[in-house]
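Residues per chain, in single letters:
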Amino acid sequence: MSTVWTAILAASIGCYGLKLAGVSLPDFLLNHPVVQHAAGLLPAAMLTALVITDLFDANGRYGADLPLLAGVAAGALALRLGGSLPIVLLVAVAVTAAIRSIA
Amino acid sequence: MFGLTFGALAVGSGLTVIQAVVMSAVMFTGASQFALVGILGAGGSPLAALSSALLLGIRNAFYGVPVTRIVRPSGGRRPLTAHFVIDETTAMAVAQRKRAAGRYAFWATGLILFSMWNLGTLTGAVIGRGIDIRALGLDAAGPAIFLALLWPALARPAGRHVALVAAVVALLLIPFVPAGVPVIASAAVAIGAGIATPASNTEAER
(Lines give C-alpha, C1' and ligand atoms only; values in the text may rest on other atoms or scores of the structure.)
Protein backbone atom coordinates (compact mmCIF):
# COMPACT_ATOMS: atom_id res chain seq x y z
CA MET A 1 0.00 0.00 0.00
CA SER A 2 1.34 3.45 -0.90
CA THR A 3 2.25 5.96 1.81
CA VAL A 4 -0.47 8.26 0.46
CA TRP A 5 -3.07 5.56 1.05
CA THR A 6 -1.66 4.96 4.53
CA ALA A 7 -1.90 8.68 5.35
CA ILE A 8 -5.47 8.87 4.01
CA LEU A 9 -6.66 5.83 5.96
CA ALA A 10 -4.85 6.85 9.17
CA ALA A 11 -6.22 10.42 8.94
CA SER A 12 -9.74 9.19 8.17
CA ILE A 13 -9.85 6.66 10.98
CA GLY A 14 -8.01 9.04 13.34
CA CYS A 15 -10.43 11.92 12.71
CA TYR A 16 -13.36 9.60 13.29
CA GLY A 17 -11.67 8.35 16.47
CA LEU A 18 -11.41 11.93 17.74
CA LYS A 19 -15.14 12.44 17.15
CA LEU A 20 -15.94 9.15 18.89
CA ALA A 21 -13.73 10.13 21.84
CA GLY A 22 -15.68 13.40 22.11
CA VAL A 23 -19.05 11.68 22.50
CA SER A 24 -17.69 8.82 24.64
CA LEU A 25 -15.18 10.28 27.11
CA PRO A 26 -16.43 11.56 30.44
CA ASP A 27 -17.07 15.32 30.47
CA PHE A 28 -14.40 16.24 32.99
CA LEU A 29 -11.53 15.24 30.67
CA LEU A 30 -12.62 17.58 27.90
CA ASN A 31 -13.98 20.27 30.20
CA HIS A 32 -10.62 21.08 31.78
CA PRO A 33 -10.16 24.88 31.33
CA VAL A 34 -6.56 24.76 30.08
CA VAL A 35 -7.30 21.89 27.68
CA GLN A 36 -10.37 23.76 26.36
CA HIS A 37 -8.43 26.99 26.02
CA ALA A 38 -5.59 25.41 24.04
CA ALA A 39 -7.99 23.38 21.88
CA GLY A 40 -10.07 26.51 21.22
CA LEU A 41 -7.01 28.32 19.86
CA LEU A 42 -5.87 25.39 17.68
CA PRO A 43 -8.13 25.95 14.64
CA ALA A 44 -7.39 29.71 14.51
CA ALA A 45 -3.63 29.11 14.45
CA MET A 46 -3.71 26.20 12.00
CA LEU A 47 -6.19 27.74 9.55
CA THR A 48 -4.08 30.91 9.52
CA ALA A 49 -0.93 28.92 8.76
CA LEU A 50 -2.77 27.07 5.97
CA VAL A 51 -3.85 30.35 4.36
CA ILE A 52 -0.30 31.77 4.66
CA THR A 53 1.38 28.72 3.13
CA ASP A 54 -1.26 28.43 0.36
CA LEU A 55 -0.55 32.05 -0.59
CA PHE A 56 3.19 32.50 -0.06
CA ASP A 57 4.87 29.08 -0.25
CA ALA A 58 6.12 28.42 -3.78
CA ASN A 59 7.79 25.01 -3.41
CA GLY A 60 9.81 25.95 -0.34
CA ARG A 61 10.59 29.49 -1.47
CA TYR A 62 8.75 32.74 -0.97
CA GLY A 63 6.48 33.42 -3.89
CA ALA A 64 3.03 34.74 -4.60
CA ASP A 65 0.65 34.25 -7.49
CA LEU A 66 -1.09 37.57 -8.10
CA PRO A 67 -4.44 36.25 -9.45
CA LEU A 68 -4.63 33.87 -6.45
CA LEU A 69 -3.83 36.68 -3.99
CA ALA A 70 -6.43 38.93 -5.61
CA GLY A 71 -9.04 36.17 -5.53
CA VAL A 72 -8.51 35.37 -1.87
CA ALA A 73 -8.45 39.12 -1.04
CA ALA A 74 -11.82 39.42 -2.82
CA GLY A 75 -13.05 36.50 -0.71
CA ALA A 76 -11.87 38.30 2.44
CA LEU A 77 -13.78 41.39 1.32
CA ALA A 78 -16.89 39.25 0.83
CA LEU A 79 -16.44 37.92 4.38
CA ARG A 80 -16.03 41.45 5.69
CA LEU A 81 -19.32 42.36 4.02
CA GLY A 82 -21.02 39.45 5.75
CA GLY A 83 -20.98 36.95 2.88
CA SER A 84 -21.70 33.30 3.69
CA LEU A 85 -19.21 30.49 3.00
CA PRO A 86 -20.59 29.57 -0.47
CA ILE A 87 -20.52 33.24 -1.56
CA VAL A 88 -16.95 33.68 -0.31
CA LEU A 89 -15.82 30.52 -2.10
CA LEU A 90 -17.53 31.57 -5.33
CA VAL A 91 -16.08 35.10 -5.24
CA ALA A 92 -12.52 33.89 -4.57
CA VAL A 93 -12.62 31.23 -7.32
CA ALA A 94 -14.34 33.49 -9.87
CA VAL A 95 -11.99 36.45 -9.33
CA THR A 96 -8.90 34.22 -9.54
CA ALA A 97 -10.15 32.58 -12.75
CA ALA A 98 -11.20 35.92 -14.28
CA ILE A 99 -7.83 37.58 -13.67
CA ARG A 100 -5.96 34.55 -15.04
CA SER A 101 -8.08 34.53 -18.19
CA ILE A 102 -7.17 38.18 -18.87
CA ALA A 103 -3.48 37.99 -17.95
CA MET B 1 -20.75 22.73 -3.91
CA PHE B 2 -17.99 22.24 -1.32
CA GLY B 3 -18.05 18.55 -2.02
CA LEU B 4 -17.61 19.23 -5.75
CA THR B 5 -14.69 21.53 -5.00
CA PHE B 6 -13.08 19.02 -2.68
CA GLY B 7 -13.42 16.17 -5.18
CA ALA B 8 -11.94 18.24 -8.00
CA LEU B 9 -9.07 19.52 -5.85
CA ALA B 10 -8.30 16.04 -4.52
CA VAL B 11 -7.81 14.51 -7.97
CA GLY B 12 -6.05 17.71 -9.08
CA SER B 13 -3.58 17.12 -6.22
CA GLY B 14 -2.82 13.65 -7.51
CA LEU B 15 -5.25 11.53 -5.49
CA THR B 16 -7.44 8.91 -7.13
CA VAL B 17 -11.24 9.11 -7.25
CA ILE B 18 -11.48 6.27 -4.72
CA GLN B 19 -9.09 8.01 -2.31
CA ALA B 20 -11.22 11.19 -2.46
CA VAL B 21 -14.42 9.20 -1.91
CA VAL B 22 -12.98 7.24 1.04
CA MET B 23 -11.87 10.48 2.70
CA SER B 24 -15.30 12.09 2.44
CA ALA B 25 -17.10 8.96 3.63
CA VAL B 26 -14.83 8.12 6.59
CA MET B 27 -13.09 11.36 7.62
CA PHE B 28 -16.11 13.61 6.89
CA THR B 29 -14.62 16.81 8.28
CA GLY B 30 -13.94 19.46 5.67
CA ALA B 31 -11.02 21.44 7.10
CA SER B 32 -8.95 18.30 7.76
CA GLN B 33 -9.70 16.97 4.27
CA PHE B 34 -8.76 20.21 2.51
CA ALA B 35 -5.60 20.47 4.65
CA LEU B 36 -4.51 16.92 3.83
CA VAL B 37 -5.10 17.33 0.11
CA GLY B 38 -3.51 20.80 0.08
CA ILE B 39 -0.32 19.66 1.81
CA LEU B 40 0.03 16.59 -0.43
CA GLY B 41 -0.65 18.79 -3.47
CA ALA B 42 2.06 21.23 -2.37
CA GLY B 43 4.56 18.37 -2.23
CA GLY B 44 4.41 17.87 1.53
CA SER B 45 5.10 14.48 3.09
CA PRO B 46 2.19 12.13 3.83
CA LEU B 47 3.22 12.30 7.51
CA ALA B 48 2.91 16.10 7.59
CA ALA B 49 -0.46 15.89 5.81
CA LEU B 50 -1.68 13.23 8.26
CA SER B 51 -0.54 15.21 11.32
CA SER B 52 -2.26 18.39 10.16
CA ALA B 53 -5.51 16.57 9.41
CA LEU B 54 -5.50 14.98 12.88
CA LEU B 55 -4.60 18.20 14.71
CA LEU B 56 -7.42 20.05 12.92
CA GLY B 57 -9.77 17.19 13.81
CA ILE B 58 -9.18 17.65 17.54
CA ARG B 59 -11.83 20.37 17.71
CA ASN B 60 -14.49 17.79 16.79
CA ALA B 61 -13.73 15.92 20.03
CA PHE B 62 -14.64 19.07 21.97
CA TYR B 63 -17.85 19.50 19.99
CA GLY B 64 -18.78 16.08 21.35
CA VAL B 65 -19.46 17.53 24.80
CA PRO B 66 -22.38 19.86 23.91
CA VAL B 67 -23.63 17.44 21.22
CA THR B 68 -23.85 14.52 23.67
CA ARG B 69 -25.74 16.73 26.11
CA ILE B 70 -28.28 17.69 23.42
CA VAL B 71 -28.60 14.48 21.37
CA ARG B 72 -28.19 12.04 24.31
CA PRO B 73 -27.40 9.09 22.02
CA SER B 74 -28.03 5.60 23.35
CA GLY B 75 -25.05 3.24 23.45
CA GLY B 76 -25.72 1.81 20.00
CA ARG B 77 -26.26 5.20 18.40
CA ARG B 78 -22.99 6.64 19.72
CA PRO B 79 -20.77 5.55 16.79
CA LEU B 80 -23.22 7.05 14.25
CA THR B 81 -23.69 10.23 16.30
CA ALA B 82 -19.90 10.62 16.48
CA HIS B 83 -19.58 10.47 12.70
CA PHE B 84 -21.82 13.53 12.29
CA VAL B 85 -20.06 15.71 14.90
CA ILE B 86 -18.63 18.57 12.77
CA ASP B 87 -18.68 22.40 12.81
CA GLU B 88 -22.04 22.77 11.09
CA THR B 89 -24.06 20.12 12.96
CA THR B 90 -22.73 21.34 16.32
CA ALA B 91 -23.55 24.96 15.48
CA MET B 92 -27.09 24.01 14.41
CA ALA B 93 -27.69 21.83 17.47
CA VAL B 94 -26.51 24.37 20.05
CA ALA B 95 -28.39 27.22 18.32
CA GLN B 96 -31.81 25.66 19.17
CA ARG B 97 -33.48 26.70 22.40
CA LYS B 98 -35.26 23.40 23.07
CA ARG B 99 -33.34 20.14 23.42
CA ALA B 100 -35.69 18.22 21.10
CA ALA B 101 -35.25 20.86 18.40
CA GLY B 102 -31.47 20.72 18.87
CA ARG B 103 -31.53 16.97 18.46
CA TYR B 104 -33.63 17.21 15.31
CA ALA B 105 -31.34 19.95 13.94
CA PHE B 106 -28.27 17.78 14.58
CA TRP B 107 -29.61 14.74 12.72
CA ALA B 108 -31.22 16.72 9.88
CA THR B 109 -28.08 18.81 9.27
CA GLY B 110 -25.86 15.75 9.58
CA LEU B 111 -27.82 13.60 7.13
CA ILE B 112 -28.20 16.37 4.54
CA LEU B 113 -24.56 17.47 4.70
CA PHE B 114 -23.23 13.91 4.67
CA SER B 115 -25.26 13.08 1.55
CA MET B 116 -24.34 16.27 -0.27
CA TRP B 117 -20.67 16.14 0.72
CA ASN B 118 -20.24 12.58 -0.52
CA LEU B 119 -22.29 12.98 -3.69
CA GLY B 120 -20.38 16.20 -4.42
CA THR B 121 -17.01 14.57 -3.81
CA LEU B 122 -17.73 11.71 -6.21
CA THR B 123 -19.03 14.06 -8.90
CA GLY B 124 -16.18 16.54 -8.44
CA ALA B 125 -13.55 13.81 -8.48
CA VAL B 126 -14.92 12.24 -11.68
CA ILE B 127 -15.29 15.57 -13.48
CA GLY B 128 -12.03 16.84 -11.97
CA ARG B 129 -9.89 14.33 -13.83
CA GLY B 130 -10.36 16.32 -17.03
CA ILE B 131 -10.28 19.93 -15.86
CA ASP B 132 -7.57 22.56 -15.42
CA ILE B 133 -7.64 23.48 -11.71
CA ARG B 134 -5.67 26.69 -12.21
CA ALA B 135 -7.65 27.98 -15.18
CA LEU B 136 -10.87 27.60 -13.20
CA GLY B 137 -9.36 29.37 -10.17
CA LEU B 138 -10.02 26.30 -8.01
CA ASP B 139 -6.66 26.68 -6.25
CA ALA B 140 -8.29 29.67 -4.49
CA ALA B 141 -10.92 27.37 -2.94
CA GLY B 142 -8.66 26.01 -0.17
CA PRO B 143 -7.41 29.34 1.20
CA ALA B 144 -10.88 30.91 0.80
CA ILE B 145 -12.51 28.12 2.82
CA PHE B 146 -9.78 28.23 5.51
CA LEU B 147 -10.21 32.00 5.75
CA ALA B 148 -13.99 31.71 6.10
CA LEU B 149 -13.66 29.05 8.82
CA LEU B 150 -11.07 31.22 10.57
CA TRP B 151 -13.13 34.42 10.42
CA PRO B 152 -15.33 33.92 13.54
CA ALA B 153 -12.23 33.20 15.68
CA LEU B 154 -10.77 36.56 14.64
CA ALA B 155 -13.65 38.33 16.39
CA ARG B 156 -12.04 37.48 19.76
CA PRO B 157 -8.78 39.13 20.89
CA ALA B 158 -7.24 35.77 21.87
CA GLY B 159 -8.06 34.40 18.41
CA ARG B 160 -6.56 37.44 16.67
CA HIS B 161 -3.35 37.28 18.71
CA VAL B 162 -2.75 33.58 18.18
CA ALA B 163 -3.56 33.93 14.46
CA LEU B 164 -1.01 36.75 14.13
CA VAL B 165 1.75 34.77 15.85
CA ALA B 166 0.87 31.68 13.80
CA ALA B 167 1.02 33.74 10.60
CA VAL B 168 4.48 35.09 11.45
CA VAL B 169 5.82 31.66 12.47
CA ALA B 170 4.43 29.99 9.33
CA LEU B 171 5.81 32.74 7.08
CA LEU B 172 9.29 32.58 8.64
CA LEU B 173 9.44 28.78 8.36
CA ILE B 174 8.49 28.50 4.67
CA PRO B 175 12.06 28.53 3.22
CA PHE B 176 13.51 26.25 5.90
CA VAL B 177 11.13 23.31 6.37
CA PRO B 178 9.19 20.91 4.09
CA ALA B 179 5.61 21.72 3.04
CA GLY B 180 3.10 21.09 5.82
CA VAL B 181 5.54 21.66 8.68
CA PRO B 182 4.66 25.38 9.11
CA VAL B 183 1.07 24.26 9.71
CA ILE B 184 2.15 21.80 12.39
CA ALA B 185 4.36 24.48 13.98
CA SER B 186 1.32 26.74 14.20
CA ALA B 187 -0.45 24.04 16.21
CA ALA B 188 2.42 24.21 18.69
CA VAL B 189 1.93 27.99 18.85
CA ALA B 190 -1.73 27.47 19.78
CA ILE B 191 -1.00 24.85 22.42
CA GLY B 192 1.78 27.02 23.89
CA ALA B 193 -0.50 30.05 23.96
CA GLY B 194 -3.28 27.98 25.51
CA ILE B 195 -1.07 26.93 28.38
CA ALA B 196 0.70 30.27 28.83
CA THR B 197 -2.29 32.60 28.72
CA PRO B 198 -5.25 32.70 31.11
CA ALA B 199 -8.30 30.76 29.96
CA SER B 200 -11.71 32.30 29.67
CA ASN B 201 -14.70 29.99 29.73
CA THR B 202 -16.00 30.91 26.30
CA GLU B 203 -12.96 29.93 24.25
CA ALA B 204 -13.73 26.41 23.12
CA GLU B 205 -17.25 27.17 21.90
CA ARG B 206 -16.00 28.32 18.48
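Structure's up top.
Before going into details, it helps to say that this report is about the structure given with it. Every value quoted in this text rests on a predicted model; they were computed, and no experiment measured them. (Residues numbered from 1 in each chain as written. Chains lettered and ligands numbered in written order. Predicted model: local features only at pLDDT ≥ 70, side-chain atom pairs only at ≥ 80, totals over all residues.)

**Details of the overall build of chain A**
- A count of helical and extended segments in chain A gives five helices and two strands.
- Along chain A, helices and strands appear, N-terminal first, in the series α-α-α-β-β-α-α.
- Over its C-alpha atoms chain A spans a radius of gyration of 19 Å, topping by over 25% the 13 Å that the globule rule assigns to 103 residues.
- Each principal axis of the C-alpha atoms in chain A carries an extent, and together these give about 55 × 40 × 25 Å. (Helix = DSSP H or I, 4+ residues; strand = E, 2+ residues; numbered from the N terminus. Rg over C-alpha atoms; globule rule 2.2 N^0.38 Å.)

**A few points about helix 4 (residues 66–80) of chain A**
- With 15 residues, helix 4 of chain A extends 21 Å between its outermost C-alpha atoms, agreeing within 8% with the 21 Å of an ideal straight helix rising 1.5 Å per residue.
- For helix 4 of chain A, the full list of buried residues reads P67, L68, G71, V72, A74, G75, A76, A78 and L79 of chain A.
- Residues of helix 4 of chain A that are buried in the fold lie against helix 3 (33–56) and helix 5 (85–102) of chain A together with helix 8 (141–150) of chain B.
- Following helix 4 of chain A by one or two positions, G82 of chain A adopts a phi angle in the positive range, close to 90°. (Expected span 1.5 Å × (residues − 1). Buried ≥ 20, exposed ≤ 12 C-beta atoms within 10 Å, placed from the backbone. Contact = placed C-beta atoms within 7 Å.)

**A look at helix 2 (residues 17–27) of chain B**
- Those residues of helix 2 of chain B that sit buried are Q19, A20, M23, S24 and M27 of chain B. Down the axis of helix 2 of chain B, the smallest arc covering the buried residues is 130°, so these residues share one side.
- Turning to helix 2 of chain B, the residues buried within the fold contact helix 1 (3–24) of chain A together with helix 1 (2–12), helix 3 (30–41) and helix 7 (99–128) of chain B.
- F28 of chain B sits one or two positions beyond helix 2 of chain B and adopts a positive phi of about 45°. (Arc of directions from axis to C-beta.)

**Some words on the packing of helix 5 of chain A against helix 8 of chain B**
- The geometry of helix 5 of chain A relative to helix 8 of chain B is characterised by a closest axis approach of 9 Å and an angle of 145° between their N-to-C directions. In this structure, the crossing between helix 5 of chain A and helix 8 of chain B has a hand that is right-handed. Here helix 5 of chain A contributes L85, V88, L89, A92 and V93 of chain A to the contact with helix 8 of chain B, which in turn contributes A141, A144, I145 and A148 of chain B.
- A breakdown of the residues in the contact of helix 5 of chain A with helix 8 of chain B according to their chemical character gives nine nonpolar, no polar and no charged. (Axes fitted to C-alpha atoms, helices over the stretch in contact; angles between N-to-C directions. Left-handed = near helix turned anticlockwise from the far one by under 90°. Nonpolar A, V, L, I, M, F, W, Y, C, P; charged D, E, K, R; others polar.)

**A few points about the interface of chain A and chain B**
- Listed per partner, the contact involves 67 residues of chain A and 85 residues of chain B.
- Going through the elements one at a time, helix 1, helix 2 (27–30), helix 3, strand 2 (61–62), helix 4 and helix 5 of chain A are the ones with two or more residues in the side of chain A that touches chain B.
- The leading source of residues in the side of chain A that touches chain B is helix 3 of chain A, at 23 residues.
- For the side of chain A that touches chain B, a count of residues per class yields 44 nonpolar, 17 polar and six charged.

**Considering the nonpolar core**
- L42, A45, M46 and A92 of chain A together with A144, V162 and A190 of chain B are the most contacted members of the largest nonpolar core, which totals 100 residues.
- The biggest single contributor to this core is helix 4 (residues 46–71) of chain B, with 13 residues.
- Setting aside its immediate chain neighbours within four residues, A190 of chain B contacts A38, L41, L42, A44 and A45 of chain A together with V162 and A166 of chain B. (Core = buried A, V, L, I, M, F, W, Y, C linked by C-beta atoms within 7 Å.)

**Some remarks on the environment of A44 of chain A**
- The topology assignment puts A44 of chain A in helix 3.
- Note on A44 of chain A: 28 C-beta atoms within 10 Å, which makes it buried.
- In contact with A44 of chain A, other than residues within four places in its own chain, are L150, A153, G159, V162, A163 and A190 of chain B.

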